[in-house]
Amino acid sequence: MSFLKYNRREFLQKSALASATLGAAISGIAGTETKETGKNILNQQSGMRYRRLGNTDIYLSVISFGGLVSDESVYHYGIDRGVNLMHMSTSYKGGEAMRVLANVLKAKRDKVYVAFKDNFDDIDEILKILGTDYIDFYMINRHAEEDVKEPGLFQRFEELKKTGKVRFAGLTTHKDVPKCVAAAAEREEFSLIMPAMNQTAYDSMTKEIEAVHKSGKGIMVMKSMKGIEDNELETAWLKKLLQDPAITTVNKGIGSFEMYDRYAKAACEVLTGYEEQQLYKYAQNNRSNNCMMCSACEKACPNNVEISTILRCKDYYLEQQNDPQTALDTMQRLNKIQLNTRMCADCRICESVCPNNIAIVDRLVRARQLFADCFV
Ligand code: SF4
Ligand code: SF4
């Protein structure tokens, strides 16, 4: 059975039926996707599944490496086992993560695609540091619907594409996510959409995800495990995401061999009925812990506080204690208005519009404690 034989809705119905009845790992799942559909898969290995990226002739591993958790030995380990996509940005770990990627590319450039997020003012410098002649996915970072719709959005991409320094265009977005994703679905230049999308967000974005799939693009999900602290739930959620043919790859910072093995194993298994139930319960019980990056709070804020960025940095800082630099750098780029939370205790308008009832003000207070030097 090929995943490409069904549209997304039919596939999800069939998958739900399969998971309810089979309820166990299937060893042949990797072969079913690759044998019938892929003829020329970069770095293909038997322990990994691959999915065709939209209408392109590229097949991506269903697990791809994120750049914020960058461990060179784990990168090598995963690539040796079939991972063929890495995402990176100049901003991660103050530039150190990019240098780790460069070390990996020295030995393995011919085994992986590189997705890179930057403003690309000086692409030659980036290529020089990475030790490569081109970037596969030129990831444009936009967080508002009107910015994704901007007529000149692809000008720089098209210029660089003519030189052969970039190949495909992608979008990264972690604010106003549903609207940005819907807008991106309508722009034919994009091949790969990379939204921040945890379980709550995924459940609320059926229409937008379907639009991306129908438009012949792929989705590389990021921050998909946000809020999940249980290993078994994490892998159940990975399986659930991969039931959806619209999800080409799950991008994840993987910090250990054990974690890689757990993810790779789960990627080749079918979600069980029990796991589906656990995910449902988790989603019901944890809504108020899971921001879905819809930006409703920010749009309602009378003081233009950059709520989502502040809260994102707080989480980065607390969750990635070994890398405080990325959060600090991002916070330091915010201006005084974006950081003006002095009126919050008497306001709470943002909380009144949050669909998930998140205690936003308490979180802003915590961020203020962590980044005291940044706030006015
Ligand atoms: S509580 Fe603070 S962040 Fe929320 S809407 Fe009011 S001023 Fe904005
Ligand atoms: S805090 Fe609530 S309103 Fe704000 S982005 Fe997250 S889910 Fe949306």
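Keep in mind it's a predicted model, so treat the numbers as computed, not measured.

K.L.:
Explain the packing of aromatic side chains to me, please; I cannot follow it from the model alone.
P.N.:
In this description, a pair of aromatic rings is defined by centroid distance and the angle of the planes. If you walk through the whole model with that rule in mind, you get 13 aromatic pairs. Seen from their ring centres, Phe154 and Phe157 are 6.4 Å apart, and the 75° between their planes marks the pair as edge-to-face. Note on Phe157: relative accessible area 2%, which makes it buried. An aromatic cluster of three or more residues is present, and its members are Phe116, Phe120, Tyr138, Phe154, Phe157 and Phe190. Lying across the ring of Tyr77, Arg81 places its NZ or CZ 3.5 Å from the centre. For Arg109, the ring lying beneath its charged end belongs to Tyr134, and the centroid distance is 4.3 Å.

K.L.:
What is the right way to look at the site of ligand 1 in this model?
P.N.:
Taken together, Cys301, Pro302, Asn303, Val305, Ile307, Cys344, Cys347, Arg348, Ile349, Cys350, Val361 and Leu364 make up the full set of residues near ligand 1. Every element with two or more residues in the shell around ligand 1 is listed here: α17 (349-353) and α18 (360-370). Among the residues making up the shell around ligand 1, the classes are represented as 10 nonpolar, 1 polar and 1 charged.

K.L.:
Help me understand the confidence of the model for the chain in this model?
P.N.:
Segments scoring low in pLDDT should not have their predicted coordinates read at a detailed level. Put simply, the chain has an average pLDDT of 88, and 88% of its residues get 70 or more. Segment residues 1-5 is flagged for pLDDT under 50; beyond a separation of four residues in sequence, or across chains, it makes 12 contacts in the model.

K.L.:
I'm lost on the site of ligand 2 in this one. Help?
P.N.:
The full set of residues close to ligand 2 is Cys291, Met292, Met293, Cys294, Ser295, Ala296, Cys297, Cys354, Pro355 and Ile360. When grouped by side-chain class, the residues that make up the shell around ligand 2 number 9 nonpolar, 1 polar and no charged.

K.L.:
Just checking my understanding: could you explain the side chain of Asp176 for this structure?
P.N.:
Mapped onto the fold, Asp176 is located in the loop between β7 (166-173) and α8 (177-185). When residues no more than four places from it in sequence are discounted, the contact partners of Asp176 are His143, Ala144, Glu145, Met293, Cys294, Ser295 and Lys299.

K.L.:
Sorry, what's going on with the nonpolar core here?
P.N.:
When a protein is soluble and globular, its nonpolar side chains tend to lie buried together. By size, the foremost hydrophobic cluster in this structure holds 117 residues, and its most contacted members are Phe65, Phe116, Phe137, Phe190, Ile310, Met331 and Ile360. Two domains each put at least three residues into this core: domain 1 (22-282) and domain 2 (296-370). Non-local contacts of Ile360, meaning those with residues more than four positions away in its chain, are made with Cys297, Ile307, Leu311, Cys350, Glu351 and Cys354.

K.L.:
So what exactly am I meant to see when it comes to the pairing of strand β6 (residues 135-141) here?
P.N.:
Within β6, 6 of the 7 residues are buried, which leaves it mostly tucked inside the rest of the structure. Across 3 bridges, the pairing between strand β5 (residues 113-117) and β6 is parallel. Residue Phe116 lies in a different strand from β6, and its bridge partner there is Tyr138. Pairing of β6 with β7, which is carried by 6 bridges, proceeds in the parallel orientation. The partner of Tyr138 across the bridge, within β7, is Ala169.

Conventions we followed
- For every chain, the first residue of the written sequence is number 1, and numbering continues from 1 along that sequence.
- Chains and ligands are labelled sequentially in the order written, the chains with letters from A and the ligands with numbers from 1.
- Where totals are concerned, whole chains, interfaces and linings use all residues; where local detail is concerned, this predicted model gives features only for residues with pLDDT of at least 70, and gives and counts side-chain atom pairs only at 80 or more.
- Water and hydrogen atoms were dropped before computing side-chain values, which therefore reflect all heavy atoms in the structure.
- Two rings belonging to Phe, Tyr or Trp (six-membered ring only in the last case) form a pair when the distance between their centres is within 6.5 Å. Interplanar angles under 30 degrees mark stacking, angles over 60 mark edge-to-face geometry, and anything in between is tilted.
- Burial classes: relative accessible area under 20% of the type maximum marks a residue as buried, over 50% as exposed, and values in between as partly exposed (1.4 Å probe, protein chains only).
- Note on geometry: a ring has a charge over it if NZ (lysine) or CZ (arginine) is within 6 Å of the ring centre and within 35 degrees of the ring normal.
- Near residues are defined by distance, with any heavy atom within 4 Å of the molecule or strand qualifying the residue.
- Put simply, DSSP marks the helices as runs of H or I at least four residues long and the strands as runs of E at least two long, and each gets a number from the N terminus on.
- Put simply, Ala, Val, Leu, Ile, Met, Phe, Trp, Tyr, Cys and Pro go in the nonpolar bin, Asp, Glu, Lys and Arg in the charged bin, and everything else, Gly too, in the polar bin.
- In predicted models, pLDDT denotes the confidence assigned by the predictor to each residue on a 0 to 100 scale.
- Should any heavy atoms of two residues lie within 4.5 Å, those residues are counted as being in contact.
- By nonpolar core is meant a set of buried Ala, Val, Leu, Ile, Met, Phe, Trp, Tyr and Cys residues that side-chain atoms within 4.5 Å join together.
- Domain start and end points were adopted from an automatic or database domain assignment.
- Pairs of strands are assigned from DSSP output, requiring at least two bridges between the strands.

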